[in-house]
Amino acid sequence: MSINSSNFEQIGLIKVATKAIQKIKEELGDMPKDATKLIHFLNSKKKYELQELDIEDRTEKNLEVRKVLSKRNLMINLDDKCQNMQVTVDRFMTNFKFQERNGYPVPWS
């Protein structure tokens, strides 16, 4: 197995992505759960009921609320990718630690 810079770049990318994921989780809070409830609410009401609540365009409000769900889904996908990358990096590092224990030269020693 040859060492290449992409393995070390992945470590940096994982750290950056993990920080971004945490920031998104903090920003979203309970909004995805609330967004789902709001979509059901909007879809369950008749047009005149929404107008009484000063909601003129159900579709526009639905689209605004779905942005929250899209952001949550993107965050989940990014988190999954980071976990997969971390598994790859961990395997890579385990292989080099094994080589180091067996007396083979490794790049960082």
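One can find the structure itself at the top, above this paragraph.
Just so you know, these numbers come straight off a predicted model, no measurement behind them.

Asker: Please give an account of the overall build of the chain that cites residues and values.
Answerer: The helix and strand tally for the chain stands at four helices and zero strands. Beginning at the N terminus, the succession of helices and strands in the chain can be written as α-α-α-α. In the chain, which comprises 109 residues, the proportion classed as buried is 21%. Relative to all contacts within the chain whose residues are 6 or more apart in sequence, the contacts with residues 24 or more apart total 68%. Per element, the accessible surface of the chain, about 8200 Å² overall, is 54% carbon and sulfur.

Asker: Kindly report on the packing of helix α2 (residues 31-44) against helix α4 (residues 58-101), identifying the contributing residues and their values.
Answerer: Two quantities define a packed helix pair, namely the angle between the helix axes and the distance between the axes. Close contact between α2 and α4 brings their axes to 9 Å; oriented N to C, the two are set at 155°. With respect to α4, the element α2 is oriented roughly antiparallel. Judged by the sense of rotation from one axis to the other, the crossing of α2 with α4 is left-handed. Along its contact with α2, which presents Met31, Pro32, Ala35, Thr36, Leu38, Ile39, Leu42 and Asn43, the element α4 presents Arg58, Lys61, Asn62, Val65, Arg66, Val68, Leu69 and Arg72. Within the contact of α2 with α4, the residues separate by chemical class into nine nonpolar, three polar and four charged.

Asker: Quick one: what's the story with the nonpolar core, residue by residue and with numbers?
Answerer: Membership of the largest hydrophobic core is limited to 11 residues, which are Ala17, Ile21, Ile24, Leu28, Ala35, Ile39, Val65, Val68, Leu69, Met75 and Cys82. Broken down by element, this core gets its largest block of residues, five residues, from α4. Those residues within four positions of isoleucine 21 in sequence are excluded, and the remaining contacts are Met75, Leu78, Asp79 and Cys82.

Asker: An account of the environment of aspartate 79 is needed here, citing residue identities and associated values.
Answerer: As for its placement among the helices and strands, aspartate 79 is situated in helix α4. Measuring from C-alpha to C-alpha, the distance between aspartate 79 and alanine 17 comes to 7.8 Å, with 62 residues separating the pair along the chain. Setting aside residues up to four positions removed in sequence, aspartate 79 forms contacts with Ile21 and Lys25.

Cut-offs applied
- Residues numbered from 1 in each chain as written.
- Predicted model: local features only at pLDDT ≥ 70, side-chain atom pairs only at ≥ 80, totals over all residues.
- Heavy atoms only, no water.
- Helix = DSSP H or I, 4+ residues; strand = E, 2+ residues; numbered from the N terminus.
- Buried < 20%, exposed > 50% of the residue type's maximum accessible area, 1.4 Å probe, protein only.
- Contact = heavy atoms within 4.5 Å.
- Areas by Shrake-Rupley, 256 points an atom, 1.4 Å probe, with all protein chains shown as cover.
- Axes fitted to C-alpha atoms, helices over the stretch in contact; angles between N-to-C directions.
- Parallel < 35°, antiparallel > 145°, perpendicular 65-115°, else oblique.
- Left-handed = near helix turned anticlockwise from the far one by under 90°.
- Nonpolar A, V, L, I, M, F, W, Y, C, P; charged D, E, K, R; others polar.
- Core = buried A, V, L, I, M, F, W, Y, C linked by side-chain atoms within 4.5 Å.

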